[in-house]
Structure formats: C-alpha cells, structure tokens
Amino acid sequence: MKEFKEFKEFKEFISRGNVIDLAVGVIIGGAFTSIVKSLVDYLINPFIGLFIGGIDFSELVFKINGATFKIGSFINAIINFLIIAFVVFLLVKFVNKFLIRKKEEVVPVAAPEVKLLEEIRDLLKTQEK
C-alpha cells in the first residue's frame, strides 16, 4: 500500500510541467554544449592559432616531475564556458526585453470617470481650506 502511494507521488512529480521543461532544457543544453565545443575546437582555436604562431591549444601541455598538465584543454574549456555564458546572457536579455514590453502593454489607463473623480476630490480639498 505504501509503495503505491509513493508511486502516485512520483507520477505527480514527474508529470508537472516544470520537471518536463527542465528535462528538455538539460537535453538542449547538452546538445548546445557539443556544438560550442566543436566551434571552439575546429574554428576558434585554429583561428587564434594563426595569430600566435600555429599553436594548437589542445596539444599545449607542460610536465613537472612526470605529472602532465594539459593547459590547452583548460583554455578550451574556458573558451567554451565564455561562449555559452555569452549566449545565455543574450537569451536572458532577449526574454527580459520581451517580458518588459508585455508588462508595459498591460499597464491600465485611468478611465475618464476616475480622472473626473480625482478632480472633484481636489476641488473639495481646496474648498475646505
């Protein structure tokens, strides 16, 4: 009986829109990451390599006492992160701009009756003085 209740709770949790949206976001994010990685590895790094003497970042390593430090892979990861962060920034900026426009359109305009009532109120205040 307890297992059935837990299964029901799990079914309610998984069928919420937010969980499904999150899953879709993670899948698309993974695909986007692989696109950015190929962009960095096959286009950006060779282009940067032209200006720094043909150095391939992925092959950039140094060794100390038998330990190998792959600094080039780290540089690639930084470039990947910066590109993804920039695209996310542009996406958030676009969404915020869209939402702000939508909020501005919803701003209610004062009805003529409200304006008339405010004028009457102001006249009564001046007569009391």
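Before any of the text, the structure's been laid out above.
In short, a report on the structure.

How each quantity is defined
Residues numbered from 1 in each chain as written. Predicted model: local features only at pLDDT ≥ 70, side-chain atom pairs only at ≥ 80, totals over all residues. Heavy atoms only, no water. Helix = DSSP H or I, 4+ residues; strand = E, 2+ residues; numbered from the N terminus. Core = buried A, V, L, I, M, F, W, Y, C linked by side-chain atoms within 4.5 Å. Buried < 20%, exposed > 50% of the residue type's maximum accessible area, 1.4 Å probe, protein only. Contact = heavy atoms within 4.5 Å. Patch = residues over 30% accessible without salt bridge, like charges linked within 9 Å, V, L, I, M, F, W, Y side chains within 5 Å. Areas by Shrake-Rupley, 256 points an atom, 1.4 Å probe, with all protein chains shown as cover. Salt bridge = Lys/Arg side-chain N within 4 Å of Asp/Glu carboxyl O. Phe/Tyr/Trp six-rings, centres within 6.5 Å; stacked < 30°, edge-to-face > 60°.

1. Comments concerning unusual backbone geometry
Next up, step 1: Unlike most non-glycine residues, Asn65 shows phi in positive territory, near 50°.
Next up, step 2: Tracing the sequence through the fold places Asn65 in the loop between β1 (62-64) and β2 (67-69).

2. Considerations on the nonpolar core
A general trend in soluble globular proteins is that nonpolar side chains are found buried together.
Next up, step 1: Among the nonpolar cores identified, the biggest contains 5 residues, and these are Val36, Val40, Phe57, Ile79 and Ile83.
Next up, step 2: Residues within four places of Ile83 in sequence aside, it is in contact with Val36, Leu39, Val40 and Ile44.

3. Comments concerning a nonpolar patch on the surface
Next up, step 1: Where nonpolar side chains cluster on the molecular surface, the patch consists of Phe62, Ile64, Phe69, Ile71, Phe74, Ile78, Phe81 and Leu82 and spans about 770 Å² of accessible area.
Next up, step 2: Mapped by element, the contributors of at least two residues to the nonpolar patch are β1 and α3 (71-106).
Next up, step 3: Looking at the nonpolar patch element by element, the count peaks at 5 residues for α3.
Next up, step 4: Tracing the backbone through its elements, the reader meets Phe69 in strand β2.

4. Structural notes on the packing of aromatic side chains
Next up, step 1: Throughout the structure, instances matching the rule amount to 3 aromatic pairs.
Next up, step 2: Taking 5.0 Å as the distance between ring centres and 15° as the angle between the ring planes, the aromatic pair formed by Phe62 and Phe69 counts as stacked.

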